[in-house]
Amino acid sequence: MKHKMPAVIFAGGKSSRMGEDKALLPFGSFPTLVQYQYERLSKIFEKIYLSTKSAKFNFEAPLIQDLYSESSPLVGLVSVFETLDTDEIFILSVDVPFIEENIIKSILKEPSGYDAVIAKNKGQLQPLCGRYSRSILPLAKAELERGNHKLGILLQQANTSYMAFEEKKAFMNLNHPHEYREALKIISS
Ligand SMILES: Nc1nc2c(ncn2[C@@H]2O[C@H](COP(=O)(O)OP(=O)(O)OP(=O)(O)O)[C@@H](O)[C@H]2O)c(=O)[nH]1
Ligand SMILES: [Mg+2]
């Protein structure tokens, strides 16, 4: 059975390190990385939204547009809770194509009651792979108003549960062109 908690793919960044919009890069057998992530999450979640600044995608999917002009995942997070009428969401970044179903499912199994349940891989925080509750919104909004966009700091202040993983590849993050090229080799092998 698919999970009722909505999932949101964050895909509204500037991709300044990639040099072109990474959400729209071809990936695997899909025309874009965002569609690849969307299809994978569709196996787990009933409903998936795309968090973005603009309607830039070439396939049908529900969008949540940013309500603020600054650029950061925090802007996406606040906009999601101010748009959707839902208590909890699962967030995944568009640029982690090798994230595994069992990682997501183990995060979903954690009891609720936290402001956030976030993956930590080899000690490194993965703020865009985790569950967020609406209870984090006042703190998130205050940080946004202060211009402090660091999710790590928000999570430190919140009642956050961290789930430890020791994965080699699953959290590989595509920020630079060489990381995209490496990911293309992995997906085609
Ligand atoms: N909705 C939304 N998503 C964002 C925003 N800024 C970043 N993201 C997403 O958050 C995720 C992680 O951000 P980064 O890896 O830093 O991506 P980025 O900001 O596009 O890339 P850089 O410009 O190289 O930092 C990516 O999936 C981005 O698409 C934003 O302002 N709004
Ligand atoms: Mg960024």
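Values in this document were obtained by computation on a predicted structure and should not be read as measured data. (Residues numbered from 1 in each chain as written. Chains lettered and ligands numbered in written order. Predicted model: local features only at pLDDT ≥ 70, side-chain atom pairs only at ≥ 80, totals over all residues. Heavy atoms only, no water.)

What the rule picks out here adds up to eight salt bridges. One salt bridge in this structure joins aspartate 66 and lysine 53, with 2.6 Å as the shortest N-O distance. In this pair, aspartate 66 sits in the loop between β3 (63-65) and α2 (73-83) while lysine 53 sits in the loop between β2 (48-52) and β3, placing the two residues 13 residues apart along the sequence. The buried category is assigned to aspartate 66, whose relative accessible area is 16%. (Salt bridge = Lys/Arg side-chain N within 4 Å of Asp/Glu carboxyl O. Helix = DSSP H or I, 4+ residues; strand = E, 2+ residues; numbered from the N terminus. Buried < 20%, exposed > 50% of the residue type's maximum accessible area, 1.4 Å probe, protein only.)

Before going further, it helps to examine the site of ligand 1. By nearness alone, 23 residues border ligand 1, and Phe10, Ser16, Arg17, Ser51 and Asp66 come closest of all. The backbone of glycine 13 places a nitrogen or oxygen atom 2.9 Å from an oxygen atom of ligand 1. Between ligand 1 and aspartate 95, the relevant distance is 3.2 Å, taken from an oxygen atom to a side-chain nitrogen or oxygen of the residue. Here ligand 1, which alone exposes 610 Å², has 88% of that area covered by the protein. Elements with a contribution of two residues or more to the shell around ligand 1: β2 and α2. The residue makeup of the shell around ligand 1, split by class, is five nonpolar, eleven polar and seven charged. (Near = heavy atom within 4 Å. Polar contact = N/O pair within 3.5 Å; in protein donor to acceptor, adjacent residues only side chain to side chain. Areas by Shrake-Rupley, 256 points an atom, 1.4 Å probe, with all protein chains shown as cover. Nonpolar A, V, L, I, M, F, W, Y, C, P; charged D, E, K, R; others polar.)

As recorded in UniProt, the sites labelled "binding site: GTP" (unreviewed entry) are Phe10, Ala11, Gly12, Lys22, Asp66 and Asp95. Within the fold, glycine 12 resides in the loop between β1 (7-10) and α1 (33-42). Excluding its chain neighbours within four sequence positions, the residues that come into contact with glycine 12 are Ser51, Thr52, Lys53, Lys56 and Ser71. Tracing the backbone through its elements, the reader meets lysine 22 in the loop between β1 and α1. Residue lysine 22 is classed as buried on the basis of its relative accessible area of 12%. (UniProt positions renumbered as here; feature names shortened; annotations may be inferred. Contact = heavy atoms within 4.5 Å.)

By the element assignment, aspartate 95 lies in the loop between β4 (88-93) and α3 (101-109). Of note is the side chain of aspartate 95, whose polar atom sits 2.9 Å from the side chain of asparagine 173. Excluding residues within four positions of it along the chain, aspartate 95 makes contact with Lys22, Leu33, Met172, Asn173, Leu174 and Asn175.

On to the environment of phenylalanine 171. On the secondary structure map, phenylalanine 171 appears in the loop between β7 (160-165) and α6 (177-188). Of the residues examined, phenylalanine 171 reaches a relative accessible area of 7% and is grouped as buried. In this structure the C-alpha to C-alpha distance between phenylalanine 171 and proline 97, which are 74 residues apart in sequence, comes to 8.0 Å. For phenylalanine 171, the contacting residues outside a window of four places in its chain are Val96, Ile99, Ile103, Ala119, Asn121, Gln126, Cys129 and Phe165.

Quick look at the packing of aromatic side chains now. Here a ring pair, both rings aromatic, is described through the centre-centre distance and the interplanar angle of the planes. Enumeration over the complete set of coordinates arrives at seven aromatic pairs. Each ring, one from tyrosine 38 and one from phenylalanine 59, has its centre 5.3 Å from the other, and the planes form 70 degrees; the classification is edge-to-face. Here the residue tyrosine 38 occupies a position in helix α1, and phenylalanine 59 occupies one in the loop between β2 and β3, the gap between them amounting to 21 residues. Judged on exposure class, the residue tyrosine 38 and its partner phenylalanine 59 are both buried. An aromatic cluster of three or more residues is present, and its members are Phe27, Phe30, Tyr36 and Phe98. In this structure, lysine 120 packs its charged tip against the face of tyrosine 162, placed 4.5 Å from the ring centre. (Phe/Tyr/Trp six-rings, centres within 6.5 Å; stacked < 30°, edge-to-face > 60°. Lys NZ or Arg CZ within 6 Å of the ring centre and 35° of its normal.)

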